[in-house]
Amino acid sequence: MRRVTRNLLIAIGIVVLALLALGALPSYLGTGEPYHLTVEPTDDEGPTVDVSNVTDRRYPYLAGALASDDGRSPGYQEGPFGVKEHFTHTPFDELDALQRRNREAVREDGRVRVVHDGRHLYVDVRRGSA
């Protein structure tokens, strides 16, 4: 094997390993108190976003919050230098997607009013372990 070919294969191998590490590493990074997507019942009237058909592949935090007893999703911790957020799905992404689905369902404080199987709920992101 020629020297140039060998060096090219080694360089390609290093790039592939680096890309694999970038895909796996962000899930292990995390600092500070976790953020949770929360759902809480409401009797308020007004526009809503229908989330009855959301899947846990598209909205894992929302599906986790809807399925939990306390209305909180699994925790999400920020990355130490703001790098993790570019490579992972966050509860903030889901809240933003819900806000874009129906701007009229967004309250002044950023919460989104949704309907899930006939129940009206507010969806929000909160920080804290308790």
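This text goes with the structure placed above it.
Here is a short report on the structure shown in this document. (Residues numbered from 1 in each chain as written. Predicted model: local features only at pLDDT ≥ 70, side-chain atom pairs only at ≥ 80, totals over all residues. Heavy atoms only, no water.)

## Digging into the overall build of the protein
Our working definition: Only DSSP runs of H or I with at least four residues qualify as helices, and only runs of E with at least two residues qualify as strands; both kinds are numbered from the N terminus onward. A simple rule labels every residue: compare its accessible area, found with a 1.4 Å probe on the protein chains alone, to the largest value its type can have, and call it buried under 20%, exposed over 50%, or partly exposed in between. What makes two residues a contact is simply this: any of their non-hydrogen atoms within 4.5 Å. Each accessible area is a Shrake-Rupley estimate made with a 1.4 Å probe; only the visible protein chains count as cover when residues are assessed.
The secondary structure content of the protein amounts to three helices and five strands. Start at the N end of the protein and walk to the C end: the helices and strands fall as α-β-β-α-β-α-β-β. Split into buried and exposed, the 130 residues of the protein put 34% on the buried side. Of the contacts formed within the protein by residues at least 6 apart in sequence, a portion of 74% connects residues at least 24 apart. On the protein, roughly 8500 Å² of surface is accessible, and the fraction owed to carbon and sulfur atoms is 54%.

## Observations regarding the nonpolar core
Note that soluble globular proteins tend to have their nonpolar side chains buried in a common cluster. Basically, it comes down to this: Joining through side-chain atoms within 4.5 Å is the link that ties buried Ala, Val, Leu, Ile, Met, Phe, Trp, Tyr and Cys residues into a set, and such a set is a nonpolar core.
In terms of nonpolar packing, the biggest core is built from 20 residues, with L62, L98 and V123 touching the most fellow members. Elements with a contribution of two residues or more to this core: β1 (31–41), α2 (60–67), α3 (91–101), β4 (112–116) and β5 (119–127). No other element matches α2, which puts four residues into this core. Sequence-distant contacts of L98, defined by excluding residues within four places in its chain, comprise V49, V51, Y59, L62, V112 and V123.

## Re the packing of α2 against α3
For the record, the criterion: To obtain an axis, a line is fitted to C-alpha atoms, over the contacting stretch when the element is a helix, and the angle between two such axes runs from 0 to 180 degrees between their N-to-C directions. For classification, angles of less than 35 degrees are called roughly parallel, those exceeding 145 degrees roughly antiparallel, those between 65 and 115 degrees roughly perpendicular, and all remaining angles oblique. Basically, the charged four are Asp, Glu, Lys and Arg, the nonpolar ten are Ala, Val, Leu, Ile, Met, Phe, Trp, Tyr, Cys and Pro, and anything else, Gly included, counts as polar.
Packing of α2 against α3 brings their axes to within 8 Å, and their N-to-C directions diverge by 90°. Accordingly, the angle class assigned to the pair α2 and α3 is roughly perpendicular. Together, P60, Y61 and L62 of α2 and P91, E94 and L98 of α3 make up the contact between the two elements. Class assignment of the residues belonging to the contact of α2 with α3 gives a composition of five nonpolar, no polar and one charged.

## Focus on the side chain of Q99
Tracing the sequence through the fold places Q99 in helix α3. Of the residues examined, Q99 reaches a relative accessible area of 15% and is grouped as buried.

## So, the side chain of H116
Mapped onto the fold, H116 is located in strand β4. Discounting chain neighbours no more than four positions away, the residues touching H116 are V51, S52, L66 and L121.

## A closer look at a nonpolar patch on the surface
Using the following cut-off: To count toward a patch, a residue needs a relative accessible area over 30% and no salt bridge; like charges are then connected within 9 Å, while nonpolar side chains (Val, Leu, Ile, Met, Phe, Trp, Tyr) are connected within 5 Å. A side-chain nitrogen of Lys or Arg and a carboxyl oxygen of Asp or Glu constitute a salt bridge if their distance falls within 4 Å.
On the surface, a nonpolar cluster with roughly 770 Å² of combined accessible area is contributed by M1, L8, L9, I12, V16, L17 and L20. Assessed through its relative accessible area of 56%, L20 is described here as exposed.

## Some points on the environment of R111
The criterion, for reference: Polar contacts, as counted here, are pairs of nitrogen or oxygen atoms within 3.5 Å of one another; within protein the pair requires one atom able to donate a hydrogen and one able to accept it, and residues that are adjacent in sequence qualify only if both atoms are side-chain atoms.
For R111, the position within the fold is in the loop between α3 and β4. Look at R111 and you get buried, because its relative accessible area is 18%. For R111 and D124, which are 13 residues apart along the polypeptide, the C-alpha to C-alpha distance reads 5.0 Å. Those residues in contact with R111 that lie beyond four places of it in its chain are E40, A105, V106, Y122, V123 and D124. Within the structure, R111 has its side chain in polar contact with the side chain of E40 (distance 3.3 Å).

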